[in-house]
Amino acid sequence: MAREFIIAVRNTFSLWLLTALIYPFLIILLGQVAFPYQANGSLITNNQGQVIGSALIGQIFNSDRYFWSRPSSVNYSEGKDAAPTGVSGASNLAPSNPELIIRIQKEIKKLQQAGIEPTYDLVYASGSGLDPHITPEAAQAQLERVAKTRNISVEKIQPLISQNTDGRFIGIFGEPGVNVLKLNLALDKL
């Protein structure tokens, strides 16, 4: 029985060493060597080298000079109601909830007042609340407003939408989406 106990302890220690130390450090090393940009959060920096966002996390843009992103039930980036870093999630309000209906009606009214034809992704939040993309249709719906506010022709902004549109994952999964942060940074460079 003592021999079986020693074998069990040795096997447990070996598996712990393999799964808790060797494998995680091997994956970290592989990520840092093969995919350093993605492994470090896909961070986007400005001309001074300061981190201004991530290509994977949506940000709130309220100015008419910028393309607006999806609404979010997670206010993670500003104000006294900002959630701590790492918080994501939907509001969990049922479609029949009056609070959700009022929020959606406000979004539609805001978009219509800005002269934007509401699209589903400009009205409804994503499941995580952190989606950095809008559909190309949502970007096209905002194109006229942004061009007018910036006093730039639509023809100058149109290529930026195409350049900042991410295709389907592996060509088959998901839908094409325009990364709003990257698009707005490209606008500022014009």
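One can find the structure itself at the top, above this paragraph.
Note that this is a predicted model, so its numbers are computed, not measured. (Residues numbered from 1 in each chain as written. Predicted model: local features only at pLDDT ≥ 70, side-chain atom pairs only at ≥ 80, totals over all residues. Heavy atoms only, no water.)

Bringing the overall build of the protein into the picture now. Looking only at helices and strands, the protein features seven helices and five strands. Mapped in sequence order, the helices and strands of the protein form the string α-α-β-β-α-α-β-α-α-β-β-α. The principal-axis extent of the C-alpha atoms belonging to the protein is close to 80 × 45 × 40 Å. Burial analysis of the protein (190 residues in total) assigns 28% to the buried set. (Helix = DSSP H or I, 4+ residues; strand = E, 2+ residues; numbered from the N terminus. Buried < 20%, exposed > 50% of the residue type's maximum accessible area, 1.4 Å probe, protein only.)

On to the sheet that holds strand β5 (residues 177–179), then. Reading across the sheet, the three strands line up as β3-β5-β4 and stay open at both edges, with antiparallel pairing between neighbours. Among the strands making up the open sheet, the edge pair consists of β3 (133–134) and β4 (165–166). Packing of helix α7 (residues 180–189) onto the sheet brings it into contact with β3 and β5, and relative to β5 it is tilted by some 55°. (Pairing = 2+ DSSP bridges. Contact = heavy atoms within 4.5 Å. Axes fitted to C-alpha atoms, helices over the stretch in contact; angles between N-to-C directions.)

Turning next to the side chain of Ser 126. By secondary structure assignment, the location of Ser 126 is in the loop between α4 (120–123) and β3. If we ignore the near neighbours within four places in the chain, the residues touching Ser 126 are Arg 70, Pro 71 and Asp 131.

Another point: the packing of helix α6 (residues 154–163) against α7. Two numbers describe how α6 lies on α7: the axes approach to 9 Å, and their chain directions differ by 145°. Classified by chirality, the crossing of α7 by α6 is right-handed. For the pair α6 and α7, the contacting residues are Ile 157, Leu 160 and Ile 161 in the first and Leu 183, Ala 186 and Leu 187 in the second. Of the residues assigned to the contact of α6 with α7, the class counts are six nonpolar, no polar and no charged. (Left-handed = near helix turned anticlockwise from the far one by under 90°. Nonpolar A, V, L, I, M, F, W, Y, C, P; charged D, E, K, R; others polar.)

So, on to the nonpolar core. Among the nonpolar cores identified, the biggest contains 27 residues, and Phe 67, Ile 134, Ile 157 and Ile 161 are the most heavily contacted of them. Elements represented by at least two residues in this core include exactly α3 (98–113), α4, α5 (136–150), α6 and α7. In terms of residues, this core owes the most to one element, α5, which gives six residues. Non-local contacts of Phe 67, meaning those with residues more than four positions away in its chain, are made with Phe 61, Ala 139, Gln 142, Leu 143, Arg 145, Val 146, Ile 157, Ile 161, Val 180, Leu 183, Asn 184 and Leu 187. (Core = buried A, V, L, I, M, F, W, Y, C linked by side-chain atoms within 4.5 Å.)

Across its 15 residues, α5 extends 20 Å between first and last C-alpha, which sits within 8% of the 21 Å expected from 1.5 Å per residue. Taken as a whole, α5 carries its principal kink of about 40° at Gln 142. What α5 keeps buried is the set Ala 138, Ala 139, Ala 141, Gln 142, Leu 143, Arg 145, Val 146, Ala 147 and Arg 150. Along its buried surface, α5 packs onto α4, β3, α6, β5 and α7. Positioned one or two residues after α5, Asn 151 has a phi angle of 60°, which is positive. (Expected span 1.5 Å × (residues − 1). Bend = angle between axes of the 7 residues up to and from the residue.)

Okay, the packing of aromatic side chains next. The way to describe two aromatic rings as a pair is by their centre distance and the angle between their planes. Applying the stated criterion to the full structure yields three aromatic pairs. When the centroid spacing of 5.6 Å and the interplanar angle of 45° are considered together, the rings of Phe 61 and Tyr 66 count as tilted. Since its relative accessible area comes to 15%, Phe 61 is described here as buried. We note Lys 110 situated over the ring of Trp 68; from NZ or CZ to the ring centre the distance is 4.5 Å. Here the basic side chain of Arg 150 rests over the ring of Tyr 66, its NZ or CZ set 5.0 Å away from the ring centre. (Phe/Tyr/Trp six-rings, centres within 6.5 Å; stacked < 30°, edge-to-face > 60°. Lys NZ or Arg CZ within 6 Å of the ring centre and 35° of its normal.)

What follows is about the pattern of salt bridges. By the definition in use, this model includes four salt bridges. Glu 175 serves as the salt-bridge partner of Arg 168, at 3.4 Å between the closest nitrogen and oxygen. For Arg 168, a relative accessible area of 38% translates into the label partly exposed. Judged by its relative accessible area of 57%, Glu 175 falls in the exposed class. (Salt bridge = Lys/Arg side-chain N within 4 Å of Asp/Glu carboxyl O.)

That is the geometry; function is a separate question.
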